[in-house]
Amino acid sequence: MRRWIASITGAAMALGFVACSGDGGTAPVTVTLVAYDSFPTEKTPLNDALATFTEDTGITVKIVTAGDAGAMVSKAALTAGNPEGDVMWGVDNTLLSAAIDAKVFAGEPTQVDFGDVCVNYDIAYFTQHDLQPPGTFDDLAQPEYKDLLVVENPATSSPGLAFMLATIDKYGDAGWTQYWRTLRSNGVEVVDSWETAYYERFSGSGGSSGDKPLVVSYASSPPAEVVFADPPIDAAPTGVATGTCFRQMEYAGVLRGTRHGDAAQQLVTFLTGETFQRTLPLTLFVYPVNGTVSLPEVFTKFAAVPANPYSMDPVRIAQHRQSWQEQWTQTVID
Amino acid sequence: MFYAWPFATLLGRVLQPSSVVDTLTSPGIGRVIWFTCWQALVSTALTMAIGFAPAYVVARYRFRGRRAALAIITVPFMLPTVVVGAAFLALLPERWHGTAAAVVVAHVFFNVAVVVRLVGAMWAVLPTDLTAVARTLGASPARVLRHVVLPLLRPALYAAASVVFIFTFTSFGAVKLLGGPSHPTIEVEIARRATQLGDIDAAAVLSIAQLIVLAVVVWWSARWQRRSEHTFAAGRTTRRPRTRSERRVVAVVMATTVAAMVAPIAMMVARSFRTSSGWSLTPWRTLGANEVRPGISLGVDPLGSLAVSLRYAALATAISIVFGGLAALTIASARRHGRLLDTGLLLPLGTSAVTIGLGMLITFDTAPFDWRSAWWLPPIGHALVAIPFVVRSLLPTLRSISADQRLAAVTLGASPLRAWWEVEVRRLPGPLLSAAGFAAAISLGEFGATTFLTRSGRDSMPIAIDRLLGRAGAVPHAQAFALATMLFVLTAAVVAIADRQEVVDARRA
């Protein structure tokens, strides 16, 4: 018994020492990159690209993850001026204004990628039922699509918020709640997170187990379905309703209060450069902003890039976000 | 230091008197508070009622598969809700989705282990001669239960009820997943305000409100716990079921309980083999592989995350055993202040993980104490969650030791140190190991507090699972469940090993 405790403590201490000795970097400058949870910390082409940055400049990049994008920005606002790192990756346009108002960044943040939140449909369902998949917001309110759509709660989910903002952009302050009333009577289902919507309620994904053929997801979800299918497939099982898209743009910037301003700025420049941008589509499933990057084949074949996605000024989003969420809750849930 | 200080710093920084009024009068908040309270009460009552029978069986009888059954009952409590919750959702009929009933059922499922373990531990040491005497005097079994067993068990019942109440009151994952958008709890609302709206004032106000309710409940329960204490000579009373009806009770109770616990877990395992084409081994085969397809990797290293989780667990266990053990000894010997400490140690459980995470962020932010993304912060968070369980596993045993026993030892010629060693310390190994197993398992599955800390380096298993679940595509989805299956096996093994030690001790005694 005593030996058991001794061995546990011993093991804990041994592991502790290993961890300590593994931590210390030897490079002269280490820049800390703060990112959201889905940013890979090792073993992807994106991390290989970061390694070339270290080779070229001698600057080591340490990645820390700080929760989802919302949590990351809340933390950054709380620590503005004494940041947790030197560069932040992944503040999107729904959070940008809040971050700027809280004086999180030193200078202007730079756009690093973009992507669209759109309704995805299960191709097999619509073929079987000999039904045209919906293409626009007006379509979704039609009786033939009754009880088919599942969306995320804009108060708790980032794609849910983007989708709500798209309807506000489309129907305006006067009409958007009316639109949601129509959706509600047309049987829209609401869940709290993208994971639940996409995997538990949606029918189209290879990993999903639901029965709803329409879901709010990303325009890049179909290529992800192809890439991560088992066995390999050469046609996406899902499609995108291109008239329902909201453009999300992500930004990166040097954090105010950094002690490595120059190195941090070099990193931000690298993040928008070709070497790094090229890795974005297949690791984060977003589009590069760098125009010289050519897209991988699964993206050109299966991802939809909507011609005129809905969008909104970050300042307007920050001003009305809370009251819109409350109105939405009153309209759709209560 | 890692709890009170950050929490106080956060309050000092963000709290303004006006925001208290604004938050508590904001639309919908009344409904959130009301739902939080009643679902917690109903969940606690049901969990106590349902956990009672299996607690009795595992405490009183020795039977084949007892340890495995106990481990299976315990593990859902430890596993991250995101995973088991997803499997649970798939098992529920669709019209239950997004209902309060689904939340309550899930809470019973997740927390029944608390009742079985805490009440069972106490029940196992109740001397059988008391009940035998009552039976001899002509009392019916029901009467014995009501007038002899229940009064003696009361401290454990209060302890279990208060822990279950805390967990269901502050429930986050299960509520989000199963209750859906129309049933938020205070904890969900805190996270929403802090992370989605950046309204940290309001989040802090709500977390204080939550803490006040829980402090009252815990204080009240601790008071009743102490009032209802009896000292008795603890014995080990597990035995094989003798009569046919005893065997039948054991079989029925354990089979039902285990079946109910296993269903969602079986679902979880099944999902790890399911992809677009039906059943497939690919998710498991590619689990350790760097590339899922040429040039494409998920950036999640399952074996690496296993090592990280084990390292966290070892550290969290060591910390929580040392501090929990000391705390239990202090509580048992210091009467009045002990009660305060006992109550105080439960408070981290009742404090929103978001608030603690944010508090740590602005407290440990200046060199040389800039610990914000230190690798050892998560295990400390885990230890904070585990310490109350360590204390609670040790206290009933410590408290049931009467001063007379030590006095008797001294009278018989033992030195005070020897008396303390023989009477108190030597009785602890069983509960201590059980506590260590519990602490390790809690650390392995801990998710909430860890996600709100800023992390560097490799992910622990629950975080890796969450990251896999957040991606589109059949393979990552199945891999999340494969990793969850590994976590389940690991946690169950830890729990079973800890329980085994208890069995060995019992035999030796």
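Residues numbered from 1 in each chain as written. Chains lettered and ligands numbered in written order. Predicted model: local features only at pLDDT ≥ 70, side-chain atom pairs only at ≥ 80, totals over all residues.

J.: How would you sum up the overall build of chain A? Please name residues and give values.
T.: Counting its regular elements, chain A contains 14 helices and nine strands. For a compact globule of 334 residues, the expected C-alpha radius of gyration is about 20 Å, and chain A comes in at 22 Å, within 12% of that figure. Oriented by its inertia axes, the alpha-carbon framework of chain A measures out at about 65 × 50 × 50 Å. Here chain A holds 334 residues, and the buried ones make up 54% of them. Across chain A, the fraction of contacts at a sequence separation of at least 24, relative to all contacts at a separation of at least 6, is 74%. (Helix = DSSP H or I, 4+ residues; strand = E, 2+ residues; numbered from the N terminus. Rg over C-alpha atoms; globule rule 2.2 N^0.38 Å. Buried ≥ 20, exposed ≤ 12 C-beta atoms within 10 Å, placed from the backbone. Contact = placed C-beta atoms within 7 Å.)

J.: Break down the domain arrangement of chain A for me, with residues and values.
T.: Residue and element names in this part refer to chain A. Per the domain assignment, the segments of chain A are domain 1 (27-114 + 249-300) and domain 2 (115-247 + 306-332). Placing the centre of domain 1 and that of domain 2 at their C-alpha centroids yields a distance of 27 Å. The partner domain 2 presents 16 residues to the 16 residues of domain 1 that form the contact. The residue makeup of the side of domain 1 that touches domain 2, split by class, is 11 nonpolar, three polar and two charged. (Domains from an automatic or database assignment. Nonpolar A, V, L, I, M, F, W, Y, C, P; charged D, E, K, R; others polar.)

J.: I'd like a description of the pairing of strand E5 (residues 149-152) of chain A, backed by residues and values.
T.: Residue and element names in this part refer to chain A. Side chains Leu149 and Val151 of E5 all project onto a buried face; the interleaved residues Val150 and Glu152 project onto the opposite face, where all are buried too. Across two bridges, E5 lies against strand E7 (residues 214-218) in parallel orientation. What sits directly across from leucine 149, in E7, is leucine 214. The pairing of E5 with strand E6 (residues 189-191) spans three bridges and is classified as parallel. (Pairing = 2+ DSSP bridges.)

J.: Describe the nonpolar core, and please don't skip the residues or the numbers.
T.: Nonpolar side chains in soluble globular proteins tend to be buried together. By size, the foremost hydrophobic cluster in this structure holds 260 residues, and its most contacted members are A:Val87, A:Leu267, B:Val115, B:Val119, B:Ala160, B:Ala439 and B:Leu483. A total of 17 residues in this core trace back to one element, the largest contributor, which is helix H6 (residues 100-124) of chain B. Each of two domains, domain 1 (27-114 + 249-300) and domain 2 (115-247 + 306-332) of chain A, supplies a minimum of three residues to this core. Excluding anything up to four places from it in sequence, B:Leu483 contacts B:Pro302, B:Met461, B:Ala464, B:Ile465 and B:Leu468. (Core = buried A, V, L, I, M, F, W, Y, C linked by C-beta atoms within 7 Å.)

J.: Explain helix H3 (residues 29-60) of chain B to me, using residue names and the numbers behind them.
T.: Helix length check: H3(B) (32 residues) gives 46 Å between terminal C-alpha atoms against 46 Å at 1.5 Å per residue, within 8%. The largest bend in H3(B) is about 35°, located at B:Phe52, with the proline B:Pro54 one to four residues further on. (Expected span 1.5 Å × (residues − 1). Bend = angle between axes of the 7 residues up to and from the residue.)

J.: Outline the interface of chain A and chain B, supporting the account with residue identities and numerical values.
T.: Taken together, the contacts link 67 residues of chain A with 63 residues of chain B. Counting residues per element, the ones that place at least two in the side of chain A that touches chain B are helix H1 (2-23), strand E2 (59-65), helix H3 (69-78), E6, helix H8 (194-201), helix H9 (221-227), helix H12 (280-284) and helix H14 (314-332) of chain A. With eight residues, the top contributor of residues to the side of chain A that touches chain B is H1(A). When grouped by side-chain class, the residues that make up the side of chain A that touches chain B number 28 nonpolar, 24 polar and 15 charged. Sheet analysis places E2(A) next to strand E3 (residues 455-456) of chain B, joined by two bridges and oriented antiparallel. Note that in E3(B) the partner of A:Thr65 across the bridge is B:Arg455.

J.: Residue-level account of the packing of helix H2 (residues 17-25) of chain B against helix H11 (residues 200-227) of chain B, with values.
T.: Residues and elements named next belong to chain B. One way to put it is that H2 packs onto H11 with a least axis distance of 9 Å and a crossing angle of 80°. Viewed along their axes, H2 and H11 adopt a mutual orientation that is roughly perpendicular. Within the contact between the two elements, H2 uses Ser19, Val20, Thr23 and Leu24 and H11 uses Asp201, Ala202, Val205 and Leu206. Of the residues assigned to the contact of H2 with H11, the class counts are five nonpolar, two polar and one charged. (Axes fitted to C-alpha atoms, helices over the stretch in contact; angles between N-to-C directions. Parallel < 35°, antiparallel > 145°, perpendicular 65-115°, else oblique.)

J.: Explain the confidence of the model for chain A residue by residue, including any values.
T.: Note that predicted coordinates carrying low pLDDT should not be read in detail. Residue and element names in this part refer to chain A. Summary statistics for chain A give a mean pLDDT of 88 and a share of 92% for residues scoring 70 or more. The element-level mean pLDDT for chain A is lowest in H1, coming to 44, with helix H6 (residues 137-140) highest at 97. Note that pLDDT drops below 50 for residues 1-27; the model gives that stretch 22 contacts with residues more than four away or on any other chain. (pLDDT = per-residue confidence, 0-100.)

J.: Kindly report on helix H2 (residues 45-57) of chain A, identifying the contributing residues and their values.
T.: Counting along an α-helix, one turn takes 3.6 residues, and residues three or four places apart therefore face a common direction. Residue and element names in this part refer to chain A. Here H2 contains 13 residues, and its C-alpha end-to-end distance of 19 Å stays within 8% of the 18 Å for a straight helix at 1.5 Å per residue. Taken residue by residue, H2 has Leu46, Ala49, Leu50 and Phe53 as its buried positions. End-on view of H2: buried residues confined to an arc of 100°, all on one side of the axis. More than 90 degrees from the buried face of H2, the exposed residues found are Ala51, Thr52 and Glu55. In this structure, the buried residues of H2 make contact with E2, helix H10 (261-271), helix H11 (274-277) and H12. A positive backbone phi angle near 80° is found at glycine 58, which sits one or two residues after H2. (Arc of directions from axis to C-beta.)

J.: For the confidence of the model for chain B, give the residues involved together with the corresponding values.
T.: Residues and elements named next belong to chain B. Looking at chain B as a whole, the pLDDT averages 81, with 91% of positions reaching at least 70. Model confidence for chain B, summarised as mean pLDDT per element, is weakest for helix H1 (residues 4-14) at 71 and strongest for H3 at 91. In the predicted complex, the global pTM is 0.82; the interface-specific ipTM is 0.77.

J.: How would you summarise the environment of B:Leu79 if you had to cite specific residues and measurements?
T.: Residue and element names in this part refer to chain B. Mapped onto the fold, leucine 79 is located in the loop between helix H4 (66-78) and helix H5 (81-91). With 26 C-beta atoms packed within 10 Å, leucine 79 lands in the buried category. In this structure the C-alpha to C-alpha distance between leucine 79 and isoleucine 331, which are 252 residues apart in sequence, comes to 30 Å. Not counting chain neighbours up to four residues away, the residues in contact with leucine 79 comprise Val84, Gly445, Leu487, Phe488 and Thr491.

J.: Residue-level account of the pairing of strand E3 (residues 87-92) of chain A, with values.
T.: Residues and elements named next belong to chain A. Across the six residues of E3, six count as buried, placing the element largely inside the fold. Bridge count between strand E1 (residues 29-35) and E3: two bridges; the pairing is parallel. Across the sheet, the residue bridging to leucine 33 is valine 87, located in E3. Inspection of the sheet shows E3 paired to strand E8 (residues 238-254) by five bridges, in the antiparallel sense. Looking at E8, one finds that methionine 88 is bridged to glycine 253.

J.: Just give me the short version of the environment of A:Gly273, but keep the residues and values in it.
T.: Turning to its location among the elements, A:Gly273 is positioned in the loop between H10 and H11. With 52 residues separating them in the primary sequence, A:Gly273 and A:Gln325 have C-alpha atoms 37 Å apart.

J.: Kindly report on the environment of A:Arg184, identifying the contributing residues and their values.
T.: Residue and element names in this part refer to chain A. Note that arginine 184 resides in helix H7 (residues 158-185). Here arginine 184 falls in the partly exposed class, since 14 other C-beta atoms lie within 10 Å of it. Separated by 37 residues in sequence, arginine 184 and aspartate 147 have C-alpha atoms that sit 9.4 Å apart.

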